[in-house]
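Given next are the chains, with one letter for each unit.
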Amino acid sequence: MNTQAGGRVTDTSLQPLAANPADKPTVLMAALAAAAIGALMYNVLPLYLGAIEVGKSLASSQTGLIGTAFFLGFNIAGISAFAWIRRYSWRTVSLVSIPILLGMLFLCVHWNTFRLLLLVTVACGVAFGAIYTIGSVIIGDTSRPERWYGFKVGLESAAGAGLMLVLPFTPLVDQGLSGLTVAVAIVVAILAPCLLMLPRAWQKDDSMASGEHAAQGGSNYRQPVNRVAIGAAVLSLLCLFASVSAIWAFAERIGSLSGYDQSSIDTLLAATLVCGIGGSLLVAAVGGRFSAVLGFEFSLALIVLALGALSVTGDFTFYALGNCLYMFAWAAATPCAMAKISRLDHDGRYVSLLAPAIGIGGMLGPGVAGWLFEVSSLFAVLTYVAIVIVISSGLMLVASRAGRKLA
């Protein structure tokens, strides 16, 4: 804040930032915890699907439907949030969702009828998706979404990676599905008390997040919503996940088909998670100092380089470099895309579409990659990823250009 000799304020552009309730440390802590809880099953889903297939003696096709059922529920929560996210108490919705998701998980342990498993898995996905959406929306309301989305993605990855790395060293690992369910419940129980700090829902006031907007139109100023820009940005995020999730789903298979040592592959996959945390934390550290679109496009360029490394067969060094590089870039691109969507969303409801964009993309990528592996080769998978990455890049540029037209 600047003052003249008489004490008169000449620059008040920082005042709205201080008044933004989403920037309160307690609210941020609660939102990050909500996002970590909401993404937990998403991050450990490969382990969960393997455990439920063995524990329930399911066929591979049935196991795939269990995964689809979870994503269906997750996406239902995100899409429906467009109607409820600004109307109902975030604290109440989150605290009600916790016993629902835990109850559904434990029903999955004890029920063996496949149709019932599908139903409770959908309900479980809805509960996880509702909590995830609330955390994502609150972070989108902050004054520095690039920074906090970076922390969000890093914390989500750390929670999932921590669970996967610690679980093998506990007695729970020998209990199969029930042991994994207990482990997930423990992580949720550790994070759940933070949800008590969640606020009730508020209507997004863009003037709180932008001193420039306040200077232009006062505290009640609200920019119009550019649906073309938001739609392009959301589709760009969906394409990002529809492409790179295809690699993540088959990263182990790529290594196995190349004849690499299994223990080396397992160690590498753990290392890629660390690289992912590093990418998201880098965005958190420098977020706001560069354009979110520039960071997104640079990250996509790194993913293309990673595809080139993965296309080199018979050399574990290139395999390792490609996996670490794409995970780093994926984790960096995600918060950049989220931040761009939140900055375009002056209405405050469209940011809820982050969850279905991630969920639908996460469903499409592995399915397409599995089909391409079956009918063609690794090169076809990498080509598919490259094409969708280019589409994602173009959509984000469209979003950026359309967004500037209303600026």
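We now turn to the structure provided with this report. Not measured: the values here are computed from a predicted model.

### Remarks on the overall build of the protein
Right, on to step 1. Tallying secondary structure elements over the protein gives 16 helices and 2 strands in all.
Right, on to step 2. When the 407 residues of the protein are sorted by exposure, 55% land in the buried category.
Right, on to step 3. When contacts within the protein are restricted to residue pairs at least 6 apart in sequence, long-range pairs at least 24 apart make up 82% of them.

### Here we look at the nonpolar core
Right, on to step 1. Ranked by size, the top nonpolar core spans 133 residues in total, and within it Met 41, Tyr 48, Ile 98, Val 184, Leu 237, Leu 240 and Tyr 326 carry the most contacts.
Right, on to step 2. Ranked by the residues each element gives to this core, the list is headed by helix α2 (residues 25–56), at 18 residues.
Right, on to step 3. In this view, Met 41 contacts Tyr 48, Phe 70, Leu 105, Phe 128 and Val 184; residues no more than four positions away in its chain are not counted.

### Digging into the pattern of salt bridges
Right, on to step 1. For the structure shown, the criterion picks out 3 salt bridges.
Right, on to step 2. Where Asp 141 meets Arg 86, a salt bridge forms, and the shortest distance between an N and an O atom there is 2.9 Å. With Asp 141 in the loop between α5 (114–140) and α6 (145–166) and Arg 86 in the loop between α3 (60–84) and α4 (90–110), the pair connects residues that are 55 residues apart, well separated along the chain.
Right, on to step 3. When its relative accessible area of 5% is taken as the criterion, Asp 141 is described as buried.
Right, on to step 4. The exposure class assigned to Arg 86 is buried, which follows from its relative accessible area of 6%.

### Some thoughts on helix α14 (residues 316–344)
Right, on to step 1. Over its 29 residues, α14 extends 42 Å from the first C-alpha to the last, a length consistent with the 42 Å expected when each residue adds 1.5 Å.
Right, on to step 2. Between the side-chain oxygen at the start of α14 and the backbone nitrogen of Thr 317 there is a gap of 2.9 Å, and the oxygen is on Asp 315.

### Comments concerning the environment of Asp 261
Right, on to step 1. The topology assignment puts Asp 261 in the loop between α11 (251–257) and α12 (262–286).
Right, on to step 2. For Asp 261, a relative accessible area of 44% corresponds to the partly exposed category.
Right, on to step 3. On a C-alpha basis, the gap between Asp 261 and Phe 316 in space is 9.3 Å, while along the polypeptide they are 55 residues apart.

### Re the environment of Tyr 132
Right, on to step 1. Tracing the backbone shows Tyr 132 in helix α5.
Right, on to step 2. Accessibility expressed as a relative area gives 3% for Tyr 132, which makes it buried.
Right, on to step 3. The sequence separation of Tyr 132 and Ser 94 amounts to 38 residues, and the corresponding C-alpha distance is 9.1 Å.
Right, on to step 4. Residue contacts for Tyr 132: discarding those within four places in its chain leaves Ala 34, Ala 35, Gly 38, Ala 39, Phe 74, Lys 152, Glu 156, Met 338, Ala 355 and Ile 358.

### Some points on the environment of Ile 247
Right, on to step 1. Tracing the backbone shows Ile 247 in helix α10 (residues 227–249).
Right, on to step 2. Taking the C-alpha atoms as reference points, Ile 247 and Val 385, 138 residues apart in sequence, are found 8.0 Å from one another.
Right, on to step 3. In this structure Ile 247 touches Leu 307, Leu 310, Tyr 326 and Val 385, once residues within four positions along its chain are discounted.

### Details of the packing of α3 against α5
Right, on to step 1. At a minimum axis separation of 7 Å, α3 and α5 run at an interaxial angle of 40°. Between α3 and α5, the angle is such that the two are oblique. In this structure, α3 meets α5 at a crossing whose hand is right-handed.
Right, on to step 2. Split by residue class, the contact of α3 with α5 holds 20 nonpolar, 7 polar and no charged.

### Examining a nonpolar patch on the surface
Right, on to step 1. Among the surface-exposed residues, Trp 111, Leu 116 and Leu 119 lie close enough to one another that they form a single nonpolar patch of about 280 Å² accessible area.
Right, on to step 2. Positionally, Leu 119 belongs in helix α5.

Rules of the game
Residues numbered from 1 in each chain as written. Predicted model: local features only at pLDDT ≥ 70, side-chain atom pairs only at ≥ 80, totals over all residues. Heavy atoms only, no water. Helix = DSSP H or I, 4+ residues; strand = E, 2+ residues; numbered from the N terminus. Buried < 20%, exposed > 50% of the residue type's maximum accessible area, 1.4 Å probe, protein only. Contact = heavy atoms within 4.5 Å. Core = buried A, V, L, I, M, F, W, Y, C linked by side-chain atoms within 4.5 Å. Salt bridge = Lys/Arg side-chain N within 4 Å of Asp/Glu carboxyl O. Expected span 1.5 Å × (residues − 1). Polar contact = N/O pair within 3.5 Å; in protein donor to acceptor, adjacent residues only side chain to side chain. Axes fitted to C-alpha atoms, helices over the stretch in contact; angles between N-to-C directions. Parallel < 35°, antiparallel > 145°, perpendicular 65-115°, else oblique. Left-handed = near helix turned anticlockwise from the far one by under 90°. Nonpolar A, V, L, I, M, F, W, Y, C, P; charged D, E, K, R; others polar. Patch = residues over 30% accessible without salt bridge, like charges linked within 9 Å, V, L, I, M, F, W, Y side chains within 5 Å. Areas by Shrake-Rupley, 256 points an atom, 1.4 Å probe, with all protein chains shown as cover.

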